[in-house]
Amino acid sequence: MQEASKCAKCIVIVARKEVIPIIYQRIAHLEQDGVEICNIRYERISNASNVSYRAYPYWNQTERLLESEIDRHDVITFDIFDTLLVRNVQRPDDIFKIVEKRLENVGFKYKFKEMRDYSQSLAYEKYIYPTYSQIYSIMQELYGLSDEVADFIKQMELDTEREFADVRKTIQNMITYAYRAGKKVFLLSDMYLGKTEIEYILNKFGFNGVLDIYVSCDLKKRKWPEGDIFEWLKDKHGHENRYLHIGDSIGADIEKAEEHGVDAFYIMSAYDMMVHSSANKLLVNVQSLSDSIIIGMLCSHLFNNPFVLSETSGDIFIEDSYEYGYLAFGALVTGTVNWMMSELADQENIHIWFLSRDGYIFEKACQIYQKYAGKQIPKIDYVLCSRRSASVAVIYNWKDIEYSLNFVPKELTNSAMLKYRFGLNTDLPADVDNRERKQAAFELKNEILKNAERERIQYRKYLGKRYNDDEKIVIFDLVTSGTIPLAMEKILDRELDLYCVSGLKVSGYSVLDQLHNYSMYFGHDLKYAAAFHINKQLGNVESVLTSKDSMFICMDEECRPVFWNKEKSQRNIVQLELSHKGILDFVDKFYSLVGGSGTDHITAKLTDDCIGLFMDAGTADKRRIRENFGCSDYFSGGDVDVE
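This report concerns the structure included in the present document. (Residues numbered from 1 in each chain as written. Predicted model: local features only at pLDDT ≥ 70, side-chain atom pairs only at ≥ 80, totals over all residues. Heavy atoms only, no water.)

## Re the sheet that holds strand 9 (residues 263-266)
Rules: Note on pairing: two strands pair once DSSP finds at least 2 bridges between them. Numbering of helices and strands runs from the N terminus; a helix is a DSSP stretch of H or I covering at least four residues, while a strand is a stretch of E covering at least two. A fitted line through C-alpha atoms represents every axis, and for helices the fit uses only the stretch in contact; the resulting angles, taken between N-to-C directions, go from 0 to 180 degrees. Residue contacts are defined here by distance: any two heavy atoms, one from each residue, within 4.5 Å place the two residues in contact.
Sheet architecture is open: five strands sit in the order 7-6-3-8-9, paired in parallel fashion. Of all the strands in the sheet, the pair left with one neighbour each is strand 7 (212-215) and strand 9. In this sheet, adjacent strand axes meet at a mean angle of 25° when their direction is disregarded. In this structure, strand 6 (residues 184-189) lies alongside strand 7, joined through four bridges in parallel fashion. For F186, the partnering residue across the bridge sits in strand 7 and is D212. Across the sheet, helix 9 (residues 195-202) lies against strand 6 and strand 7, angled at about 130° from strand 7, the strand it touches most.

Now the structure itself:
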């Protein structure tokens, strides 16, 4: 894109009409450099040119309609890949990239994907219907691989296909339905993987050889372009039978079947369902292999049922709190962990402190990362901290008190301010609320300073047990203006590094410039922060990415934590725990797939797009999901619910 902005006068997008607006959004900023963007008919493109997904005819397909078609046919065949099975990647050939990553980890120095693609193209030229073994025989000969190495890679690719495959349960149920209805049921595929390899993948889902599988590489007949596999099917099972083929390819599964006298039923692939639904905006910022896996996981979850959008005409709706966590926040938490582990990988003696309460889920996610990474990661701890504990413990003198007064909400009374902001729980003067705010604080400054010193001593004892002097402490905070990390520096009297998802650059309030700070979204540049969904919906984000515990206040004389004594600090703890399970299940699935192979970056904008889509009122409010979340804020006066 940088090269295009310097030399191109026009960019022509050649793609399916429903994909063109997605591509346009990726490159639209080039128009600011004078580059014209058009389609193949030389028509200007805009976001508004997108075909309305709600009018797409596929949404008329239903589960009941498929059952009725099965009822009136004798022989039922199902396509396999993208119909029965869905891969947890955006593009099928991304599997080759994942194998390449895994091979790099065991010292394989060749570019596997290039080798694999070239070998496959030669195999199709030579054999027309190549088998998996024939492709690998060509690759072995071309690149001088030993039998042992070729067999190792061959098995790794097959294992990777198996690991990244999910079954579409609705289609699996349709197979069962057809069997119980007394139909002859088969799987039919154009594929270089033969019956043996496909059975190996399907056994993961309990098929265990119950279906006969007809594959082009075994039969030397195929759906596309000849369609002769359908003639072979009728010859084998009798022309008197009524045949129905079910698949995702308009050309190979629908048109070719019908050309050869076989009725067809279209099942949209999970990826095409994303393209044609309200979730298509998630495809704009896919840039890396890790992004491809994120999209694949979202497609597998959202569109496992190919009829799920029939009632909503392509609109996505969150069904429950588990889905809310999985879909809206799973990518964000995974991306944050990925980013931090990458940034800190080459540094020694790192100790990461995930501050309560926003650091709770991220610390759990790091434990999941370590389980699958197969390598040592920086030392991690969940550390009790809050605006209340830090702001009191950092008060050393009257100047610090004056500074704190600048941020007291106007609606807070003086008595509430002295209790919640400065920790004075003793009897206060009867007329304290009638005083001018600064005067009220000045008259009680000795009590404020004495309490601050006591809390600071006890808090230092607590923190001192959690690190060694030679450790480099890294503080993680979700979205921050820097006040808590800076207070921690002053309390501990040592320099700390701050890692956050996003910073808040609020005039007169942000102190990020005084810290060594690193943001996953912006690096050090926060001028665009307000445009991101995480900042627009910060209250809602924090209400989910929080622990279920009450706010930490301070350490008592025995150095035991004191929490705000309120019966219910969270609006609905059961729903909060469900959302947390969804988030951590997403993290676990991602790292179970990539394992110790290592991944590239997860694009921050993609994780923010997930927040924007799945937290949107139109997506999350149909079942009033967002109403389950909200945490009470002691620091603002004790009775305020933050949404």
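## Here we look at a nonpolar patch on the surface
The criterion, for reference: Each patch groups residues whose relative accessible area exceeds 30% and which form no salt bridge, using 9 Å between like charges and 5 Å between nonpolar side chains of Val, Leu, Ile, Met, Phe, Trp and Tyr. Per-residue accessibility takes into account occlusion by the displayed protein chains alone, with areas from the Shrake-Rupley method and a 1.4 Å probe. Each salt bridge in this description consists of a side-chain nitrogen of Lys or Arg and a carboxyl oxygen of Asp or Glu lying within 4 Å of one another.
On the surface, V12, V14 and I40 cluster together into a nonpolar patch covering about 310 Å² of accessible area. Counting through the fold element by element, V12 comes out in strand 1 (residues 10-13).

## Points about the packing of helix 15 (residues 321-343) against helix 16 (residues 360-373)
We count it as follows: Orientation categories follow fixed angle ranges, with anything under 35 degrees roughly parallel, anything over 145 roughly antiparallel, 65 to 115 roughly perpendicular, and all other angles oblique. Take the far helix as the reference: if the near one is turned anticlockwise from it by less than a right angle, the crossing is left-handed, and if turned clockwise, right-handed. Under this grouping Gly is polar, as are all residues other than the nonpolar Ala, Val, Leu, Ile, Met, Phe, Trp, Tyr, Cys and Pro and the charged Asp, Glu, Lys and Arg.
Packing of helix 15 against helix 16 leaves a shortest axis separation of 10 Å and a crossing angle of 65°. When the axes of helix 15 and helix 16 are compared, the pair comes out roughly perpendicular. As helix 15 runs across helix 16, the sense of the crossing is right-handed. Between helix 15 and helix 16, the contacting residues are V333, T336, V337, N338 and M341 on the first element and I361, F362, A365, C366 and Y369 on the second. Taken together, the residues of the contact of helix 15 with helix 16 sort by class into eight nonpolar, two polar and no charged.

## Some details on the packing of helix 4 (residues 94-105) against helix 7 (residues 147-164)
Direction vectors running N to C along helix 4 and helix 7 enclose 125°, while the axes themselves pass 10 Å from each other. By the angle between their directions, the pair helix 4 and helix 7 is classed as oblique. In terms of crossing hand, the pair formed by helix 4 and helix 7 is right-handed. Residues I95, F96, I98, V99, R102 and L103 of helix 4 pack against F152, I153, M156, E157, T160, E161, E163 and F164 of helix 7. Considered class by class, the residues forming the contact of helix 4 with helix 7 number nine nonpolar, one polar and four charged.

## Points about the pairing of strand 9
Every regular strand shows the same layout, with side chains that alternate between the two sheet faces. Formally: Looking down the strands as they point away from the viewer, one classifies a crossover as right-handed if the path from the first strand across the helix to the second runs clockwise.
Examined bridge by bridge, strand 8 (residues 243-247) and strand 9 share four bridges and lie parallel to one another. In the strand pairing of strand 9, G247 is matched with Y266. As a crossover connection, the stretch from strand 8 through helix 12 (residues 250-259) into strand 9 is right-handed.

## Focus: helix 15
Here is the rule we go by: Here a helix's expected span is defined as the number of its residues, less one, multiplied by 1.5 Å. Each residue is placed in one exposure class: buried if its accessible area under a 1.4 Å probe, protein chains only, is under 20% of its type's maximum, exposed if it is over 50%, and partly exposed if it falls in between. What qualifies as a polar contact is a pair of N or O atoms within 3.5 Å, subject to a donor-acceptor requirement within protein and to the restriction that residues adjacent in sequence count only when both atoms come from side chains.
Helix length check: helix 15 (23 residues) gives 32 Å between terminal C-alpha atoms against 33 Å at 1.5 Å per residue, within 8%. The element helix 15 is largely enclosed, with a buried count of 20 among its 23 residues. Two or three places before Y322, at the start of helix 15, stands the capping residue D320, its side-chain oxygen 3.2 Å from that residue's backbone nitrogen.

## What about the packing of aromatic side chains?
Just so we agree on the cut-off: Between rings of Phe, Tyr and Trp, where Trp is taken as its six-membered ring, a pair exists when centres lie within 6.5 Å; planes separated by under 30 degrees are stacked, by over 60 edge-to-face, and by other angles tilted. A ring is scored as having a charge over it whenever the NZ atom of a lysine or the CZ atom of an arginine sits within 6 Å of its centre and within 35 degrees of its normal.
Here the structure, examined in full by the defined rule, presents 27 aromatic pairs. When the ring of F108 is compared with that of Y110, the centres are 5.3 Å apart and the planes differ by 55°; the resulting orientation is tilted. Judged by relative accessible area, F108 falls into the buried class, the value being 13%. Taking 5.2 Å as the distance between ring centres and 70° as the angle between the ring planes, the aromatic pair formed by Y132 and Y136 counts as edge-to-face. Of this pair, Y132 and Y136 both sit in helix 6 (residues 132-143), four residues apart, which is roughly one turn of the helix. Taken together, the aromatic side chains of Y56, Y58, W59 and Y266 make up a single cluster linked through ring pairs. Its guanidinium or amino end placed over the ring of Y192, R116 lies 4.9 Å from that ring's centre, counting from NZ or CZ.

## Observations regarding the side chain of H276
Note that H276 resides in the loop between helix 13 (270-275) and helix 14 (289-302). Setting aside its immediate chain neighbours within four residues, H276 contacts E18, Y53, Y56, W59 and M268.

## So, the pattern of salt bridges
What the rule picks out here adds up to 35 salt bridges. The salt bridge involving D93 is made with R91; its shortest N-O contact spans 3.4 Å. With its nearest N and O atoms 2.6 Å apart, the salt bridge here joins R624 to E627. You can call R624 exposed: its relative accessible area is 52%. Residues joined by salt bridges that share partners form a network here, namely R91, D93, K113 and D117.

## Here we look at unusual backbone geometry
With an omega of 5°, the peptide bond between W224 and P225 qualifies as cis. With respect to the helices and strands, P225 occurs in the loop between helix 10 (216-219) and helix 11 (228-237). Note that the residue after S356, namely R357, is joined by a cis bond; omega there is -5°. Here R357 lies in the loop between strand 10 (350-355) and helix 16. Phi at N208 takes a positive value of approximately 50°, unusual for a residue other than glycine.

## Structural notes on the environment of I45
Here I45 is to be found in the loop between strand 2 (36-39) and helix 3 (63-71). Considered as a pair, I45 and I13 are 32 residues apart in the sequence and their alpha carbons are 9.2 Å apart. Leaving out residues up to four positions away in the same chain, I45 has contacts with I13, I20, Y24, E31, I37, C38 and N39.

## Looking at the sheet that holds strand 14 (residues 516-519)
Taking strand neighbours across the sheet as the criterion, the five strands line up as 11-10-12-13-14 in an open arrangement whose pairing is parallel. Each end of this open sheet is capped by a strand with a single partner; those strands are strand 11 (379-383) and strand 14. On average, each strand axis in the sheet is inclined to that of its neighbour by 25°, with strand direction left out of account. Of the pairings in the sheet, the one linking strand 10 to strand 11 comprises five bridges and is parallel in character. Counterpart to W353 in the pairing with strand 11 is D381. Across the sheet, helix 16 touches strand 10, strand 11 and strand 12 (472-480), and the angle it forms with strand 11 is around 155°.

## A few points about the environment of I95
Structurally, the position occupied by I95 is in helix 4. Owing to a relative accessible area of 0%, I95 belongs among the buried residues under this scheme. When the C-alpha atoms of I95 and A178 are compared, they prove to be 32 Å apart, with 83 residues separating the residues in sequence. If near-sequence neighbours (up to four positions away) are discounted, I95 is found in contact with R87, V89, T160, E161 and F164.

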